[in-house]
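# What the coordinates show
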Amino acid sequence: MGGRTTLALIVAVAALGAVAPAPAVAQERFITVSSTTSTENSGLFRHLLPLFRAATGIEARVVALGTGQALDMGRRGDADVVFVHDKAKELVMLEEGWFVGRRDVMVNDFVLAGPRSDPARIAGLRDAGAALRRIYDARSPFASRADRSGTHAAEVRLWQAAGIDIASQKGPWYRETGSGMGATLNIASAMNAYALADRGTWLSFRNRGELAVLLEGDLRLFNQYGVMLVNPAKHPHVKQALGMQFIEWLVSAEGQRAIAEYRIGGEPLFFPNAAR
Amino acid sequence: MRGAFSEALGLIGSFDPGLAGIIVLSLEVSLSAVLLASAIGLPLGAALAVARFPGRRAVIVALNALMGLPPVVVGLAVYLLLSRAGPLGELGLLFTPVAMVIAQTLLVLPIIAALARQAIEDAWSEYEEQLRSLGVGEFDAALTLLWDIRFSLLTAVLAGLGRASAEVGAVMIVGGNIDGVTRVMTTAIALETSKGDLPLALALGMVLIAIVLALNAAAFLLKEAAQRRYG
Amino acid sequence: MNRGSILPLRLEGVCFGAGGRAIIEGVSVELEAGSSTIILGANGAGKSLLMRLCHGLLAPTAGAVRWSAAERPGAARRQAMVFQRPVMLRRSALANVTYALARANVPRAERERLALEALESAGLLSLAKRPARVLSGGEQQRLALARAWALHPEVLFLDEPTASLDPGATREIENVIKAFDAAGTKIVMATHNLGQARRIGDEVLFLHQGRLVERAPVERFFSQPESAEAKAFIRGELPWAVGRLSH
């Protein structure tokens, strides 16, 4: 023990660092894709990306953030491709020239979950707006992400559709968690509150307690995913060719089929709708 | 709780390759950061302990304060440096393990330097007269002391390792928690928590704690053996 | 003496004060080669401080410490010091001595040989590979002596080197010191052990409250002390011996 052993230990650790597979840092054929946490949490990428790599040899590295952050990452040029679900914002930034080559890829939907006891009596309704109206009228507890995510934006739009300006009309019944989808569902489960959740997170959520899906299928609950290339004119370092391959694969027959095949517990999550 | 514990054991026992990859990456990043921070921080702390210059006390206070740097702030700063829009964007280091090592090194450096400074200053009061009598210059004395109290310095290094392996803010921001590329134990735990899979998150946490415990136990035994040998 | 010897050492009006208090006042003396000098005095008289001023660890607040030749930086120091408590690095006894030799830029090939010689002269050859810090107090102090002497300094300062040791260890240290003295090194030792002073010293510098009060050859100091302070000191240390010291 002592000097020589210490030295040997240090060399061993350094060797471990050098030899252990440095994950594809040396490999050039990769792209950075910014996407959202709810997409990542659904497990879709675990399913899709190996298929993409097998088809093209390209490794797609996904950084999952909130929608706003993901788009911002693209604007700053820290990603090559952006894959989010806020069509309104996407189109604005496309217009501003930050992105090019946008394609619709797929839709998924939100579900309105709540306690089985359903104090606001929304089960059986088809209109999400009407359901929210009933929740508001009954002042039933409602858990909101309140984190400026795509899901939160969709929730706010639904309140507006119900004629409610939630920002000014909320009360103690409206719980703003400021958290991700899983954390918000945890809180809803603990409080027996209603919540709007993307189907992917709902299907993987293991802590349901008394919660169940009470309303689904309203067209307004559908969520359009789009993919865009970061504009090489603004950021010359963008991997244009590789990025376009990713986009083209997503909208190709093969990619669209891969999306449709993804299931959680036997249920499909995403519905491919790329225009031919 | 018990479910999480058995899930943790199940994870370890099944040698899940995904988990193995995450553990290896966590160790690589944190150990590299600690090695780098030690290489810089130990001589820095020693020099600060031994040298006398105007403003020395202000530097010591600042260094001590930097021990409490919030990881997320360091992550943000490094992100801005390495982002394409930033000064070092050309290097393309963002979202790689290298960026994570850089961030953690910056985080851990003040801890190691400040603790080393304290240890060496304490030793200096014992050794100073004798070393100066032998004609040893300040810089030389600093290095001599570094080597002489090396096993006490191990505590400083372990403090740094603890910080590095426990933090999530810095590596999340500069690494991006990319599956298979920059996902480490702490970011994996954060992810599973946000997905609502608390048992898995807890299980991963137990695995992480077990690893850090093992490292500390090994270091402690090493130190004991050395002290028995060298007095 | 040799060309470029650092002796004689001249102290000219050396003063040292701290916190507004004068601890050493106006010490002027010339230390020459050849004789062993004992610095004697009660605790608090300023012996340790004076030694450190001579050795260069402290700078006087007034007055000057002048060696007869300047020491070249990077060359072996020509004066060394042994402290009351030995300070050893966490290495073997041999390594502690080679460390000092390395600092004096002695060529690597020479270091081990010189270090072993020094250890032998202090009777420590058998302990050369032992970790220095596990040696006994007496052994460590002998090691400090060996380390100091390995560079063959012209002057060896010793600050109460046996104050913390038992009589057996004390005798061993004194023997080593006498051997160095015989080999030509000037010994300057602070002590308050009168027997030790007589065994080792040729002359005595007596300090009282920071002043040099008396200087005399060792036998004359003890048999016929001139100053009142010296008389009181000897009486205090050996109350039965006043007037019966001329043996």
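Residues numbered from 1 in each chain as written. Chains lettered and ligands numbered in written order. Predicted model: local features only at pLDDT ≥ 70, side-chain atom pairs only at ≥ 80, totals over all residues.

Check the secondary structure of chain B and you find 10 helices and zero strands. Seen in sequence order, chain B has helices and strands lined up from the N terminus as α-α-α-α-α-α-α-α-α-α. Across its three principal axes, chain B shows a C-alpha extent of roughly 65 × 50 × 25 Å. For chain B, the residues scored as buried account for 48% of the 231 residues in total. Across chain B, the fraction of contacts at a sequence separation of at least 24, relative to all contacts at a separation of at least 6, is 78%. (Helix = DSSP H or I, 4+ residues; strand = E, 2+ residues; numbered from the N terminus. Buried ≥ 20, exposed ≤ 12 C-beta atoms within 10 Å, placed from the backbone. Contact = placed C-beta atoms within 7 Å.)

Interface extent is often summarised as the accessible area lost during association of the parts. All names here are of chain A. Looking at chain A, the domain boundaries give domain 1 (27–108 + 222–272) and domain 2 (110–221). The C-alpha centroid of domain 2 is placed 27 Å from the C-alpha centroid of domain 1. Contact with domain 1, which involves 19 residues of that partner, is made by 19 residues of domain 2. Elements that contribute at least two residues to the side of domain 1 that touches domain 2 include exactly helix 2 (37–42), helix 4 (67–76) and strand 9 (222–230). For the side of domain 1 that touches domain 2, the element with the most residues is helix 2, which contributes four residues. The residue inventory of the side of domain 1 that touches domain 2, partitioned by class, reads four nonpolar, 13 polar and two charged. (Domains from an automatic or database assignment. Nonpolar A, V, L, I, M, F, W, Y, C, P; charged D, E, K, R; others polar.)

All right, on to the nonpolar core then. Val81(A), Ala99(B), Ala103(B), Ile112(B) and Val174(B) are the most contacted members of the largest nonpolar core, which totals 182 residues. Looking at this core, the element that brings in the most residues is helix 5 (residues 97–133) of chain B, giving 21 residues. Not counting the four nearest positions on each side in its chain, Ala103(B) is found in contact with Val74(B), Gly75(B), Val78(B), Ala170(B), Val171(B) and Val174(B). (Core = buried A, V, L, I, M, F, W, Y, C linked by C-beta atoms within 7 Å.)

What follows covers the environment of Ile164(A). Residue and element names in this part refer to chain A. Positionally, Ile164 belongs in the loop between helix 7 (150–161) and helix 8 (166–169). We classify Ile164 as partly exposed; it has 19 C-beta atoms within 10 Å. Separated by 35 residues in the primary sequence, Ile164 and Gly129 place their C-alpha atoms 9.5 Å from one another. Among residues more than four places away in sequence, those in contact with Ile164 are Leu132, Tyr136, Trp159 and Gln169.

A few words now on helix 2 (residues 93–103) of chain C. All names here are of chain C. Helix 2 sits mainly inside the fold: eight of its 11 residues count as buried. Taken residue by residue, helix 2 has Ala93, Leu94, Asn96, Val97, Thr98, Ala100, Leu101 and Arg103 as its buried positions. Directly beyond the C-terminal end of helix 2, a positive phi value near 60° is found at Asn105.

A separate point is the interface of chain A and chain B. Each partner contributes residues to the interface: chain A has 34 residues there, and chain B has 27 residues. Elements represented by at least two residues in the side of chain A that touches chain B include exactly helix 1 (3–19), helix 2, helix 3 (44–56), strand 2 (59–65), helix 9 (181–191) and helix 10 (199–204) of chain A. Classifying every residue of the side of chain A that touches chain B gives 15 nonpolar, 14 polar and five charged.

Chain B puts 14 residues into the contact, and the matching count from chain C is 15 residues. Of all the secondary-structure elements, those providing two or more residues to the side of chain B that touches chain C are helix 5, helix 6 (138–148) and helix 10 (198–230) of chain B. For the side of chain B that touches chain C, the element with the most residues is helix 5 of chain B, which contributes six residues. For the side of chain B that touches chain C, the per-class residue count stands at four nonpolar, five polar and five charged.

Here the focus is the confidence of the model for chain B. The predicted model of chain B has a mean per-residue pLDDT of 90, with 97% of residues at 70 or higher. Complex prediction metrics read pTM 0.81 and ipTM 0.88. (pLDDT = per-residue confidence, 0-100.)

The next point concerns the confidence of the model for chain A. Here chain A averages 88 in pLDDT, while 89% of its residues score no lower than 70. Every residue in residues 19–26 of chain A scores below 50 in pLDDT, and together they form 10 contacts with partners more than four places removed in sequence or on other chains.

The subject of this paragraph is unusual backbone geometry. Put simply, Leu7(C) and Pro8(C) share a cis peptide bond, and its omega is 0°. Tracing the sequence through the fold places Pro8(C) in the segment before strand 1 (9–18). The backbone of Arg139(A) shows a phi angle near 50°, a positive value even though the residue is not glycine. Mapped onto the fold, Arg139(A) is located in the loop between helix 6 (128–138) and strand 5 (142–144).

All names here are of chain C. Close contact between helix 4 (residues 137–149) and helix 5 (residues 167–182) brings their axes to 9 Å; oriented N to C, the two are set at 10°. With respect to their mutual orientation, helix 4 and helix 5 come out roughly parallel. Facing Gly137, Gly138, Gln141, Arg142, Leu145 and Trp149 of helix 4, the residues of helix 5 in contact are Ala169, Glu172, Ile173, Val176 and Phe180. (Axes fitted to C-alpha atoms, helices over the stretch in contact; angles between N-to-C directions. Parallel < 35°, antiparallel > 145°, perpendicular 65-115°, else oblique.)

As a further point, take the environment of Leu114(C). Residue and element names in this part refer to chain C. Along the polypeptide, Leu114 turns up in helix 3 (residues 108–121). A sequence separation of 36 residues divides Leu114 from Ala150, and the C-alpha atoms of the two residues are 6.5 Å apart. Those residues in contact with Leu114 that lie beyond four places of it in its chain are Leu101, Val106 and Ala150.

Counting contacts across all two pairs of chains that touch, the top-ranked interface belongs to chains A and B. Chain C makes no contact with chain A, the minimum C-alpha separation between the two being 11 Å.

Residue and element names in this part refer to chain B. Across the interface, helix 7 (residues 150–166) lies against helix 10 with an axial gap of 10 Å and an inter-helix angle of 175°. Between helix 7 and helix 10, the angle is such that the two are roughly antiparallel. Of the residues in helix 10, those in contact with Phe151, Leu154, Leu158, Leu161, Gly162 and Ser165 of helix 7 are Val212, Leu215, Asn216, Ala219, Lys223, Ala226 and Gln227. Class assignment of the residues belonging to the contact of helix 7 with helix 10 gives a composition of eight nonpolar, four polar and one charged.

All right, on to the pairing of strand 8 (residues 203–208) of chain C then. For a regular strand, side chains alternate in direction, first toward one face of the sheet and then toward the other. All names here are of chain C. Two strands pair when backbone bridges link them, and strand 3 (residues 37–41) and strand 8 are joined in this way by five bridges, in the parallel orientation. Of the residues in strand 8, the one forming a bridge with Thr37 is Glu203. One ladder, built from six bridges, connects strand 8 with strand 9 (residues 211–217); its direction is antiparallel. Each bridged residue has a counterpart across the sheet, and for Glu203 the counterpart in strand 9 is Pro217. In this antiparallel pair of consecutive strands, strand 8 and strand 9, the connection spans two residues, and Gln209 shows a positive phi of 50°. (Pairing = 2+ DSSP bridges.)

Next up on the list: the sheet that holds strand 6 (residues 155–159) of chain C. All names here are of chain C. Pairing is mixed across the open sheet formed by six strands, whose spatial order is 5-6-7-3-8-9. Only two strands of the sheet have a single partner each, and these edge strands are strand 5 (79–82) and strand 9. With strand direction ignored, the average angle separating the axes of adjacent strands in the sheet is 20°. The sheet strands contacting helix 1 (residues 47–55) are strand 3, strand 5, strand 6, strand 7 (186–191) and strand 8, and the helix crosses strand 6 at an angle near 155°.

Another point: the sheet that holds strand 2 (residues 21–31) of chain C. Residues and elements named next belong to chain C. Read from one edge of the open sheet, three strands run 2-1-4, paired in antiparallel fashion. What marks the edges here is a single partner per strand, and that holds for strand 2 and strand 4 (62–66). Each strand of the sheet is rotated relative to its neighbour by a mean of 20°, with strand direction disregarded. Sheet analysis places strand 1 next to strand 4, joined by four bridges and oriented antiparallel. Across the sheet, the residue bridging to Cys15 is Ala62, located in strand 4. Helix 1 contacts strand 1, strand 2 and strand 4 of the sheet and is inclined by roughly 60° relative to strand 2.

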